[in-house]
Amino acid sequence: MATIISNFRQRFSQAPRYQRLCSYAIIAYLIYALLLGLLVPSLAKSIAPEKISSLLGRPVQIQDVTINPFTLKFEIKGFEIQTQAQQNFTGIGRLTLQVNLWKSLFNGSINIETIEVDQAFANIEKLDENQFNFSDIPEHIATQTASSEAPEPVIEEADESSELPHIQIANISITNTAFKFKDHPTGAELNYPAINIVLTKFNSLAMLNNEKQNSAPRPNYNRYDLSIEGADESAVTTTGRFQLTPLEAQGNLALKHIKLMTFWPFIAEQLTAKLKSGVIDVATDYQFISGDDTPQLITDTGHFSLRTLVFTDPEKEIVNLPLLTVAGIKVDLLQQQVGLDNISTDGLQVNTQLNKDGSIDLATAFTSKQTEAANASSDTAVEAAPTQVENN
């Protein structure tokens, strides 16, 4: 065995220089592939959950970590942060990141081929007026920070001439994401089982309108497409394009079949009137510009409709509005102007009566109970206020 190794060394040392350099390069590449493809994922899978759990004070799980050293594709599966009772809190089914190294080197920019988040979820609960089911996380982090020596703050001089780095991402997608929110004090629940966001051809330096190349064709950079579907068959969609410097976005927005009953529990206890039904639809084009002093928001060709709105009080139906439509809505935030082309209603019925004290019961039904209590308390205090007599 020693003779074989000795002969190999002798032959290798006598080989041409380029062959030895190539051999060194191949060995180095194999070591790199083994370390990045096998050792790093194994260490990340075994060490990362413990470190994150120690930081957050919550059970953390990671199902699998894989790295392709040849395509520079990184993938994490089954990342989950649980509650103290080991129930689902938040997590990601699959996170994929692929870096385009060669394009980054040749273009002198940060180039990422894809960022994909699939089957993410978040279950948020408001336990009482001041506590959420994640309130213990910042408290735990603060405790750890306080127990360790606080580093001295580093004061960095602001560089007004600094610009955003050139970052290009071919595709960013968040798919099959679910969000749930439960408000225990009011009993309200929001459930959005299908959230999808797609951003294509992201370029941190791209502009919506390039004055120098108005006549030349240009790639359709920074296009976004967002859709949110609710368990109550409601939907929010928006598509458009944006730029970062200065921040500007333009596109269209649609709110479809937004049921007011979904959000009514948040304020139900504050009013005497009870909502029985109501559906909102909104569609508009928009443009947002982040100015130096005041941001500008412009909407055009907006359309709003309110259908089957019904309010009742404990005794009777007080408002019944089958349809309200507003067309041609235009908003200019900077000029503080709102324009409407047409407003129409169909079949409005209002059932109210005049009380002996001159008040209208309809106004009482839509007045906050807290306001009524405050007014009543104020009136009582005025009536019961003693008269002071000062003797000289």
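The structure displayed is predicted, hence computed values, not measured ones.

### Comments concerning the overall build of the chain
Phase 1: The helix and strand inventory of the chain stands at 7 helices and 17 strands.
Phase 2: Burial analysis of the chain (392 residues in total) assigns 27% to the buried set.
Phase 3: Counting contacts in the chain only where the partners sit at least 6 residues apart, residues at least 24 apart contribute 53% of the total.
Phase 4: With the model as given, the accessible surface of the chain reaches about 26,200 Å², and the carbon-plus-sulfur share is 57%.

### What to know about unusual backbone geometry
Phase 1: A cis amide bond, omega -15°, links Thr-245 with the succeeding residue Pro-246.
Phase 2: Structurally, the position occupied by Pro-246 is in the loop between strand 10 (235-243) and strand 11 (248-259).
Phase 3: A positive phi angle, close to 55°, is found at Leu-72, a residue other than glycine.
Phase 4: You can call Leu-72 buried: its relative accessible area is 14%.
Phase 5: With phi around 50°, Thr-308 is a residue other than glycine that occupies positive phi space.
Phase 6: For Thr-308, a relative accessible area of 40% gives the class partly exposed.

### Looking at the packing of aromatic side chains
Phase 1: Applying the stated criterion to the full structure yields 6 aromatic pairs.
Phase 2: With centroids separated by 6.4 Å and ring planes inclined at 20°, the aromatic side chains of Phe-181 and Phe-266 adopt a geometry described as stacked. With Phe-181 in strand 7 (residues 167-183) and Phe-266 in the loop between helix 5 (260-263) and strand 12 (274-289), this residue pair connects regions lying 85 residues apart in the sequence.
Phase 3: A relative accessible area of 15% places Phe-181 in the buried class.
Phase 4: On the basis of an interplanar angle of 80° and a centroid distance of 4.9 Å, the ring pair of Phe-311 and Phe-366 is categorised as edge-to-face.

### Quick notes on the pairing of strand 3 (residues 73-82)
For a regular strand, the rule is simple: side chains alternate between the two faces of the sheet.
Phase 1: As judged from the 2 bridges shared by strand 1 (residues 60-61) and strand 3, these two strands associate in the antiparallel manner. Looking across to strand 3, one finds that Val-60 is bridged to Ile-81.
Phase 2: Taken together, the 5 bridges between strand 2 (residues 64-68) and strand 3 define a ladder with antiparallel strand orientation. Paired with Asp-64 across the bridge in strand 3 is Lys-77.
Phase 3: The loop that links strand 2 with its antiparallel partner strand 3 comprises 4 residues; one of these, Leu-72, has a positive phi angle of about 55°.

### What to know about the environment of Ala-85
Phase 1: Mapped onto the secondary structure, Ala-85 falls in the loop between strand 3 and strand 4 (88-99).
Phase 2: Residue class for Ala-85 comes out exposed when judged on its relative accessible area of 58%.
Phase 3: For the pair Ala-85 and Pro-59, spaced 26 residues apart in sequence, the C-alpha to C-alpha distance is 9.1 Å.

### Considerations on the nonpolar core
Phase 1: Core analysis: the largest hydrophobic core is formed by 15 residues, its most contacted members being Trp-264, Leu-306, Leu-309, Phe-311 and Ile-318.
Phase 2: Of all elements in the fold, only strand 12, strand 13 (296-312) and strand 14 (317-332) reach the threshold of two or more residues within this core.
Phase 3: Listed in part, the 10 residues of the second largest apolar core include Ile-124, Phe-181, Tyr-192 and Ile-195.

### What about the environment of Gln-349?
Phase 1: Within the secondary structure, Gln-349 sits in strand 17 (residues 349-350).
Phase 2: With 27 residues separating them along the chain, Gln-349 and Pro-322 place their C-alpha atoms 8.9 Å apart.
Phase 3: Ignoring anything within four residues of it in the chain, the contact list for Gln-349 reads Ile-318, Val-319 and Asn-320.

### Thoughts on the side chain of Asp-281
Phase 1: Mapped onto the elements, Asp-281 comes out in strand 12.
Phase 2: Of note is the side chain of Asp-281, whose polar atom sits 2.9 Å from the backbone nitrogen of His-257.
Phase 3: Not counting residues within four places of it along the chain, the set of residues in contact with Asp-281 comprises Leu-255, Lys-256, His-257, His-303, Phe-304, Ser-305 and Arg-307.

Parameters at a glance
- The written sequence of each chain sets the order in which its residues are numbered from 1.
- Per-residue local features of the predicted model are confined to residues with pLDDT of at least 70, and side-chain atom pairs are confined, for both listing and counting, to 80 or more; whole-chain, interface and lining totals are unaffected and use all residues.
- With hydrogens and water excluded, all non-hydrogen atoms of the structure serve as input to the side-chain values.
- Starting at the N terminus, helices and strands are each numbered in turn, a helix being any DSSP run of H or I of at least four residues and a strand any DSSP run of E of at least two.
- Accessibility here uses a 1.4 Å probe with only protein chains present; expressed as a share of the type maximum, an area under 20% marks a residue as buried, one over 50% as exposed, and anything in between as partly exposed.
- We call two residues in contact when some of their heavy atoms are within 4.5 Å.
- Per-residue and other accessible areas follow the Shrake-Rupley method at a 1.4 Å probe size, with only the shown protein chains counted as cover for residues.
- Under the pairing criterion, centres of Phe, Tyr and Trp rings, with the six-membered ring standing for Trp, must be within 6.5 Å; the plane angle then separates stacked pairs below 30 degrees from edge-to-face pairs above 60, leaving the rest tilted.
- Between any two strands, at least two bridges found by DSSP are needed for them to pair.
- Among the buried residues, those of types Ala, Val, Leu, Ile, Met, Phe, Trp, Tyr and Cys that are joined through side-chain atoms within 4.5 Å form a nonpolar core.
- Identification of polar contacts relies on pairs of N or O atoms within 3.5 Å, with a donor-acceptor requirement for protein atoms, meaning one able to donate a hydrogen and the other able to accept it, and with residues adjacent in sequence counted only if both atoms are side-chain atoms.

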